[in-house]
Amino acid sequence: QVQLVESGGGLVQAGGSLRLSCTASGRTFTNYAVGWFRQAPGKEREFVAAIRWDGAYLRYADSVKGRFTISRDSPKNTVYLQMNSLNSEDTAVYYCARYRDRFWFGVRQVDYDYWGQGTQVTVSS
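Residues numbered from 1 in each chain as written. Predicted model: local features only at pLDDT ≥ 70, side-chain atom pairs only at ≥ 80, totals over all residues. Heavy atoms only, no water.

### Re the state of the cysteines
In a disulfide, the sulfur atoms of two cysteines are covalently bonded to one another. All chains considered together, the criterion is met by one disulfide. Note on cysteine connectivity: Cys22 is disulfide-linked to Cys96, with sulfurs 2.0 Å apart. Measuring handedness by torsion sign, the sulfur bridge of Cys22 and Cys96 sits at about 65 degrees and is right-handed. Of this pair, Cys22 sits in strand β3 (residues 18–26) while Cys96 sits in strand β9 (residues 92–99), and the two are 74 residues apart along the sequence. The same class applies to Cys22 as to Cys96, namely buried. (Disulfide = S-S within 2.5 Å. Helix = DSSP H or I, 4+ residues; strand = E, 2+ residues; numbered from the N terminus. Buried < 20%, exposed > 50% of the residue type's maximum accessible area, 1.4 Å probe, protein only.)

Encoded structure:
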């Protein structure tokens, strides 16, 4: 089993920054892609960013390109999401998830099997 725990969420003013962390316990992230997703009130959960198992390939949703950066620290079993220039549309619960297959990569939610409980990000205007 893999347990994922997100942290770093909170309330921030528009234009501000937050860094989310996702730490794995039990089995690790080693050799697995990790993604961040978010769900805003009244909306479906959507893809935000993903990082390949070796950190060499990254993908971002168009809505966050240039503002968000995903990274990983494998020895710490932690994946980060640095969020800059936040705006009200970024308000959501943010989830991290581990891709189901080793050495593969994708952005579809259905292909991620382990999920964290989520962390709330609220951006005030």
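Still to come is the rest of the account.
### Examining the nonpolar core
The biggest cluster of nonpolar side chains holds 35 residues, and the ones touching the most others in it are Trp36, Val48, Phe68, Ile70, Leu81, Met83 and Tyr94. The residues contacting Phe68, other than those within four sequence positions of it, are Arg38, Val48, Tyr60, Leu81, Gln82, Met83, Asn84, Leu86, Asp90 and Tyr94. (Core = buried A, V, L, I, M, F, W, Y, C linked by side-chain atoms within 4.5 Å. Contact = heavy atoms within 4.5 Å.)

### What about the packing of aromatic side chains?
Counted according to the given criterion, the structure contains seven aromatic pairs. With a centroid separation of 5.8 Å and an interplanar angle of 70 degrees, the aromatic rings of Phe37 and Phe47 are classed as edge-to-face. With Phe37 in strand β4 (residues 34–39) and Phe47 in strand β5 (residues 46–51), this pair connects stretches of sequence that are ten residues apart. Overall, Phe37 belongs to the buried group, its relative accessible area being 0%. Classification of Phe47 as buried rests on a relative accessible area of 16%. Feature note: the residues Phe37, Phe47, Tyr99, Tyr112 and Trp115 constitute an aromatic cluster, connected by ring pairs. Geometry around Trp115 places Arg45 over its ring, the cationic atom sitting 3.8 Å from the centre. (Phe/Tyr/Trp six-rings, centres within 6.5 Å; stacked < 30°, edge-to-face > 60°. Lys NZ or Arg CZ within 6 Å of the ring centre and 35° of its normal.)

### Observations concerning the side chain of Arg98
Counting through the fold element by element, Arg98 comes out in strand β9. Here Arg98 is in contact with Val2, Leu4, Thr28, Phe29, Tyr32, Ala33, Tyr112, Asp113 and Tyr114, once residues within four sequence places are set aside.

### Focus: unusual backbone geometry
Not every positive phi belongs to a glycine, and Asn31 is a case in point at roughly 70 degrees. Within the fold, Asn31 resides in the loop between β3 and β4. Overall, Asn31 belongs to the buried group, its relative accessible area being 18%. Within the chain, Ser85 stands out as a residue other than glycine whose phi angle is a positive 50 degrees. Counting through the fold element by element, Ser85 comes out in the loop between β8 (78–83) and β9.

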